[in-house]
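Remarks on the overall topology
Chain by chain, the residues:
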Amino acid sequence: MTVTTAGTTAADIEFHYDLGNDFYALWLDETLAYTAAKWDGIPRDAPDATALPRAQRAKLDHHLDLVGARPGDGLRLLDVGCGWGAMLAHASGDDRVREAVGLTVSRAQYEFLAARALPGVEPRLESWEAHDPDRPYDAVMAMGSFEHFATAGMSRADRLDCYARYFAACHRWLRPSGRMSLQTIAYDGAADGSGPIGDFVGNDVFPTARLPRLSEIAAACDPYFSVVALTASAEDYARTLASWSARLLRAREQAEQLVGPEGYRRYRRYLRASEVTFLRGAATLYRIGFRRRDEPLRLSA
Ligand SMILES: C[S@@+](CC[C@H](N)C(=O)[O-])C[C@H]1O[C@@H](n2cnc3c(N)ncnc32)[C@H](O)[C@@H]1O
């Protein structure tokens, strides 16, 4: 089965993620989170082996806070773009969440998660556009998937339309007063992805992906959600990428066995190019908390 999506195609997602779970496991930390960690209070000289998983778990807890999950709540959670299950594993067996559904469009990730058989967790090989749950959720999260929802060829109007359809779907899926969190990379100092770094990432790593701007997210969510929290931290992504680069460098020999010398070099360049993008302020990372509006607002155009 091929997953159909108007955003980054399943084939392009496979080009990136389906390089093999073992390759990513070499340089991600034990949580297998593949998005920026949250480094507040973690000293620069903390040993990498414990610092990265600690920062990743701090990020996962931050998202549970953003959706208002408290001990004993037993929420029903949707993770849109669940990757290898960092949040699903963190939530499984935690009394803040009782059941969790995770969507991915990567077959390798889906098969990995199905084999993991986490209690209370249902992985699905499905795009958000096709998701039609039979019961409402208390909370919806998306970390690192929103970047894939629009594609490079879309006009600003098309992107706004696509993002608005996502927020309308989240509104439909959530119970009244339900909460949502979003973690996404966005253009900041750069108007768009033109230039050498954008070309490299767009052509060689994530074909066709197009990042949002904050103004687009704000306009698209406004009819459906009130924003209750927003932080920006380019530093969090730059430090995460530096940690991944160092881990990949240490695992060079095994990495070359799995993806070949050229695959290894491509990933080292991609991680470094992405780090520079954040250090220069061309892109940033937003973490946003939302509360569902009871009725969508009719805003004038
Ligand atoms: C960068 S990974 C992030 C994974 C995970 N949230 C984490 O923090 O480790 C992006 C994820 O988004 C998923 N994705 C991309 N487009 C999607 C779509 N249209 N519907 C659902 N998931 C999508 C990919 O399959 C992948 O699992």
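Above: the structure in question.
These numbers were taken from a predicted model, which means no experiment stands behind them. (Residues numbered from 1 in each chain as written. Predicted model: local features only at pLDDT ≥ 70, side-chain atom pairs only at ≥ 80, totals over all residues. Heavy atoms only, no water.)

**Some words on the packing of helix H9 (residues 234-250) against helix H10 (residues 252-279)**
For clarity, the cut-off: As a rule, the C-alpha atoms of each element are fitted with a line to give its axis, helices using only the stretch in contact, and angles between N-to-C directions run from 0 to 180 degrees. Working definition: helices are DSSP H or I runs of at least four residues, strands are E runs of at least two. Numbering for both runs from the N terminus. Our angle categories are set so that under 35 degrees counts as roughly parallel, over 145 as roughly antiparallel, 65 to 115 as roughly perpendicular, and the remainder as oblique. Should the near helix be turned counterclockwise from the far one by less than a right angle, the crossing is left-handed, whereas a clockwise turn marks it as right-handed. Here, residues are in contact when the closest pair of their heavy atoms is within 4.5 Å.
Taken N-terminus to C-terminus, the directions of H9 and H10 make an angle of 160°; their axes are 9 Å apart at the nearest point. Here H9 is positioned roughly antiparallel relative to H10, judged by the angle of their axes. In this structure, H9 crosses over H10, and the sense of that crossing is left-handed. Within the contact between the two elements, H9 uses Ala234, Tyr237, Ala238, Leu241, Ala242, Trp244, Ser245, Leu248, Leu249 and Arg250 and H10 uses Arg252, Ala255, Tyr264, Tyr267, Arg268, Leu271, Arg272, Ser274, Glu275, Phe278 and Leu279.

**Overview of the sheet that holds strand E6 (residues 225-232)**
Quick reminder of the rule: One bridge is not enough; two strands pair if DSSP finds at least two bridges between them.
Reading across the sheet, the seven strands line up as E3-E2-E1-E4-E5-E7-E6 and stay open at both edges, with mixed pairing between neighbours. Two strands in the sheet have a free side with no partner beyond their single neighbour: strand E3 (121-125) and E6. Each adjacent strand pair in this sheet contributes to an overall mean axis angle of 15°, direction not counted. With five bridges joining them, strand E2 (residues 97-104) and E3 adopt parallel strand pairing. Residue pairing in the sheet places Leu103 in a bridge with Arg124 of E3. Contacts between helix H6 (residues 156-173) and the sheet are confined to strand E1 (75-80), strand E4 (137-143), strand E5 (174-187), E6 and strand E7 (283-292), with E5 contributing the most and set at about 150° to the helix.

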